[in-house]
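Letter by letter, the chains look like this.
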Amino acid sequence: MTVDIAVPLGGPALRQERRLVTSIPGPRSQELLDRKAAAVSAGVGHAVPVAAVAAGGGVVVDADGNSLIDLGSGIAVTTVGAAHPRVVEAISAQAAQFTHTCFMISPYEQYVAVAEALNRLTPGDHAKKSALFNSGSEAVENAVKIARTHTGRSAVVAFDHAYHGRTNLTMALTAKSMPYKSGFGPFAPEIYRVPGSYPLHDGLSGPDAAARAIGLIEKQIGAENLAAVIIEPIQGEGGFVVPADGFLNAVVDWCTANDVVFIADEVQSGFARTGAMFASELFGIVPDLVTTAKGIAGGMPLAAVTGRAEMMDAVHRSGLGGTYGGNPVACAAALAAIEAYETDGLATRAQQIGDRIRARFTAAQQDDPRIADVRGRGAMMALEFADPVTGAPDGALTAAIASACIAEGVIVLTCGTYGNVIRFLPPLSIDDALLDEGLGVVAAALAAH
Ligand code: PLZ
């Protein structure tokens with residue numbers, strides 16, 4: 001049943017419709033793509049060949065006047081919408097006051113208020129503190145710095161299929177070589193990788209998957225050398241992998257018993273995306289440190305580490321920082337976005353969206369054995385594709401469906417270690433009609449391939 005929730009669409013009266021007036025890309029988009037090819041490093045790719053000129057609600061409008069249904073939110077960033085009126089107003093008002101002083105030079109209230117909000121909203125009722133940064137990668141780097149200072153140890157464990165960023169330390173934490181790491185080494189030392197929990201493929205119960213990981217950690221690293229275990233409660237780039245029940249709880253318990261810092265990387269899963277404010281809540285875990293970014297500030301670059309006060313305070317004075325971290329305009333946007341999450345019922349909206357996606361594709365799965373899995377939580381849902389006979393991951397089909405959807409005016413993103421996962425990350429400001437239309441285009445593309 002759909003509960004009525006009033007979600008402001010934002011934007012200059014953007015019509016909430018899928019509208020194709022040219023083929024994709026149209027001539028104006030193509031013109032920009034040509035300039036991009038000439039002016040921008042070939043290393044910077046793009047998934048959707050359109051020149052965006054406006055976005056909001058559930059659509060992205062391009063330079064040719066095409067209006068695409070947005071099922072990607074710029075990779076889980078515009079969770080409140082790409083032009084939420086409260087966020088837009090907060091940004092304009094703050095920019096008119098001041099754009100920057102540098103929090104390390106003269107602090108300002110907006111940063112402190114975001115820290116207070118994060119300390120209140122992240123899981124657990126223990127004393128917490130936060131520090132703000134610019135990107136998810138930077139938050140992860142700093143979480144590791146904090147864990148190392150707190151424990152006096154250096155090793156860090158990450159998991160198969162993990163994604164934690166593209167900076168040097170976070171490349172080492174990220175699992176997939178191409179395109180994220182290949183040729184960019186050497187990578188940071190003292191990073192170890194163990195298998196996590198991937199129910200579709202390992203068939204293990206949560207406790208068994210945890211026992212496997214912990215056994216390897218104890219034998220190959222030793223708890224006494226281990227500063228932190230970092231994990232995405234629901235893995236993002238790696239394929240929207242939801243661990244089996246009990247897996248995360250057992251890993252947290254082991255970390256607690258061994259004074260190892262448990263870091264939940266909620267950069268992609270945070271801020272109402274999964275139907276809870278943080279995905280950790282869905283599994284009943286309380287992380288020591290939580291990294292956040294993406295959805296935190298309605299599209300503005302902002303990231304954070306939030307965690308146990310005694311860990312956050314273990315770092316020497318001025319050991320954490322950066323010129324732009326906690327920029328006042330980004331903080332004003334975050335405060336507005338957080339208000340929207342809390343007052344617009346967006347976690348509930350995420351659940352409704354997830355229910356619609358799950359219902360549609362579990363039904364489709366009955367007739368289409370290429371859909372190996374329909375999984376996710378809330379508005380972080382995915383379809384994994386495999387050959388029904390051999391079980392081999394079907395990245396080619398996945399890519400073909402995504403490009404067919406884009407050609408039909410629906411932005412669909414892929415992910416997964418084998419590129420065989422379609423992921424749905426719609427903005428929570430999308431209306432049901434548009435969502436259903438977008439999912440219908442995906443289903444039609446699947447039927448046609
Ligand atoms: N941790 C869990 O999902 C970013 C990156 C896409 P940044 N994921 C999208 C790409 O191809 O670069 C991410 C994440 C998790 C960390 C990060 C890194 O966040 O803000 O991109 O640095």
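The residue count restarts for each chain, going from 1 along the sequence in the order it is written. Local features in a predicted model are, by the rule used here, given only for residues with pLDDT of at least 70; side-chain atom pairs are given and counted only at 80 or more, and totals for whole chains, interfaces and linings are based on all residues. Note that water and hydrogens are dropped before the side-chain values are worked out from all heavy atoms of the structure.

Residue ranges for the domains originate in an automatic or database domain assignment. If you check the domain split of the protein chain, you get domain 1 (27-83 + 346-448) and domain 2 (87-343). Its C-alpha centre places domain 1 at a distance of 25 Å from the equivalent point of domain 2. Listed by partner, the interface residues are 35 residues for domain 1 and 32 residues for domain 2. The contact between domain 1 and domain 2 buries some 2600 Å² in all, and 61% of this surface belongs to carbon and sulfur atoms. Summed over both partners, the accessible area (1.4 Å probe) lost when two parts come together is defined as the buried area. For domain 1, the biggest contributors to the area lost against domain 2 are Arg 377, Met 380 and Thr 417; these three give 26% of the whole. In the sections that follow, a salt bridge refers to a side-chain nitrogen of Lys or Arg positioned within 4 Å of a carboxyl oxygen of Asp or Glu. Our enumeration of links across domain 1 and domain 2 arrives at 1 salt bridge. We call two N or O atoms a polar contact when they sit within 3.5 Å, provided that within protein one can donate a hydrogen and the other can accept it, with sequence-adjacent residues counted only if both atoms are side-chain atoms. Taken together, domain 1 and domain 2 are joined by 20 residue pairs in polar contact (both at pLDDT 80 or more). A helix here means a DSSP run of H or I that spans at least four residues, while a strand means a run of E at least two residues long, and both kinds are numbered starting from the N terminus. At the level of elements, helix H2 (73-76), helix H13 (346-367), strand E11 (371-377), strand E12 (380-385) and strand E15 (421-424) are the ones that each hand at least two residues to the side of domain 1 that touches domain 2. Of the residues forming the side of domain 1 that touches domain 2, the biggest block, 5 residues, is contributed by E11. Classes in brief: Ala, Val, Leu, Ile, Met, Phe, Trp, Tyr, Cys and Pro nonpolar; Asp, Glu, Lys and Arg charged; the others, Gly included, polar. Residue classes in the side of domain 1 that touches domain 2 are distributed as 21 nonpolar, 9 polar and 5 charged. Between two residues, a contact is recorded if the distance between any of their heavy atoms is within 4.5 Å.

Attention shifts here to unusual backbone geometry. With an omega of 5°, the peptide bond running from Met 178 to Pro 179 counts as cis. Along the polypeptide, Pro 179 turns up in the loop between helix H6 (168-173) and strand E6 (191-194). Following Gly 185, the chain continues into Pro 186 via a peptide bond in cis, with omega recorded as 5°. Positive phi, normally seen in glycine, also occurs at Phe 271, with a value near 60°. Note that Phe 271 resides in the loop between strand E8 (261-265) and helix H10 (279-282).

Okay, the nonpolar core next. In terms of nonpolar packing, the biggest core is built from 89 residues, with Leu 71, Leu 289, Leu 302, Ile 401 and Phe 424 touching the most fellow members. No other element matches the 10 residues that helix H12 (residues 328-343) contributes to this core. Counting contributing residues, this core receives three or more from each of domain 1 (27-83 + 346-448) and domain 2 (87-343). The criterion is simple. A nonpolar core is a set of buried Ala, Val, Leu, Ile, Met, Phe, Trp, Tyr and Cys residues joined through side-chain atoms within 4.5 Å. A 1.4 Å probe rolled over the protein chains alone gives each residue an accessible area, and that area as a share of the maximum for its type sets the label: buried under 20%, exposed over 50%, partly exposed in between.

For the structure on display, the rule yields 17 salt bridges. In this structure, Glu 342 engages Arg 120 in a salt bridge whose closest nitrogen and oxygen atoms are separated by 2.9 Å. Taken together, the residues span a long stretch of sequence, with Glu 342 in helix H12 and Arg 120 in helix H4 (residues 109-121) at a distance of 222 residues. For Glu 342, a relative accessible area of 39% puts it in the partly exposed group. Among the salt bridges present, the one from Arg 356 reaches Asp 432, with a minimum N-O distance of 3.4 Å. With Arg 356 in helix H13 and Asp 432 in helix H15 (residues 432-448), this residue pair connects regions lying 76 residues apart in the sequence. Note on Arg 356: relative accessible area 25%, which makes it partly exposed. Overall, the relative accessible area of 18% leaves Asp 432 in the buried class. Each of Arg 349, Arg 356, Asp 432 and Asp 436 takes part in a single network of salt bridges with overlapping partners.

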